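Next come the chains, spelled out residue by residue.
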Amino acid sequence: MLFHVRMDVSLPHDMDPNDRAELVRAEKERALELQKLGVWPHLWRVVGQYSDISIFDVPSNDELHAFLSSLPLWEYMRVQVTPLATHPSDLAAQP
Ligand SMILES: O=C(O)C[C@H]1C=CC(=O)O1
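Conventions we followed
Residues numbered from 1 in each chain as written. Predicted model: local features only at pLDDT ≥ 70, side-chain atom pairs only at ≥ 80, totals over all residues. Heavy atoms only, no water. Near = heavy atom within 4 Å. Polar contact = N/O pair within 3.5 Å; in protein donor to acceptor, adjacent residues only side chain to side chain. Areas by Shrake-Rupley, 256 points an atom, 1.4 Å probe, with all protein chains shown as cover. Helix = DSSP H or I, 4+ residues; strand = E, 2+ residues; numbered from the N terminus. Core = buried A, V, L, I, M, F, W, Y, C linked by side-chain atoms within 4.5 Å. Buried < 20%, exposed > 50% of the residue type's maximum accessible area, 1.4 Å probe, protein only. Contact = heavy atoms within 4.5 Å. Expected span 1.5 Å × (residues − 1). Arc of directions from axis to C-beta.

Visitor: Is there a simple way to explain the site of the ligand in this structure?
Guide: Taken together, V9, E27, K28, A31, W40, R45, Y50, D52 and L73 make up the full set of residues adjacent to the ligand. At 3.4 Å from an oxygen atom of the ligand is found a side-chain nitrogen or oxygen belonging to E27. Within the side chain of D52, an N or O atom sits 2.6 Å from an oxygen atom of the ligand. If the ligand stood free it would expose 280 Å²; the protein chains cover 89% of that surface. Per-element tally for the shell around the ligand: the top contributor is helix α1 (residues 17-37), with three residues.

Shown next, in the form of structure tokens:
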């Protein structure tokens, strides 16, 4: 199942810079891990914002939730999920 996911990150302004750097490092490590597993095939930065837009490819809603909530930045993100279905006019879906 494909999901369009938008993550908006909001870190506390008074967060210790070392804690922030460690969180961002751990987030990148986990993001790369999930991409290598194939469950996070697309990841883009939203220009001018501490936000990203991604495509996740996972078997179920529950697994998507488990992957998203495993991200170190989870408690600092607002996450919007849109489940995707095949469009009948998609060239790739034509017989
Ligand atoms: O930076 C972000 O948009 C948040 C998050 C998503 C991937 C990653 O490495 O960090």
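Visitor: Just to check I follow, could you spell out the nonpolar core for this structure?
Guide: Side chains of a nonpolar character, in soluble globular proteins, are inclined to be buried together. One finds V5, M7, W40, F56, L64, L68 and L71 to be the most contacted residues of the largest nonpolar core, which totals 19 residues. Looking at this core, the elements that each hand over two or more residues are β1 (2-9), α1 and α2 (61-69). Among the elements that take part in this core, β1 stands out by supplying four residues, more than any other. Setting aside residues up to four positions removed in sequence, F56 forms contacts with M1, L2, F3, V5, M7, V39, W40, P41, L64 and L68.

Visitor: Quick question: what am I supposed to make of α1 here?
Guide: One full turn of an α-helix is made of 3.6 residues, so residues set three or four places apart face in the same direction. Spanning 21 residues, α1 covers 30 Å between terminal C-alpha atoms, matching the ideal 30 Å at 1.5 Å per step. When α1 is considered as a whole, its buried residues turn out to be L23, A26, E27, R30, A31 and L34. What you see down the axis of α1 is that its buried residues fit within an arc of 140 degrees, all on one side. Along α1, the residues that are exposed and aim more than 90 degrees away from the buried face are P17, N18, K28 and K36. Buried residues along α1 sit against α2. Capping the start of α1 is the job of one residue whose side-chain oxygen sits 2.8 Å from the backbone nitrogen of N18: D16. One or two residues past the end of α1 sits G38, with phi positive at roughly 90 degrees.

Visitor: Explain α2 here, please?
Guide: Taken together, the buried positions of α2 are L64, F67 and L68. Looking straight down α2, one finds its buried side chains confined to an arc of 95 degrees; they lie on one side. The inward-facing, buried residues of α2 contact β1, α1, β3 (51-57) and β4 (77-84).

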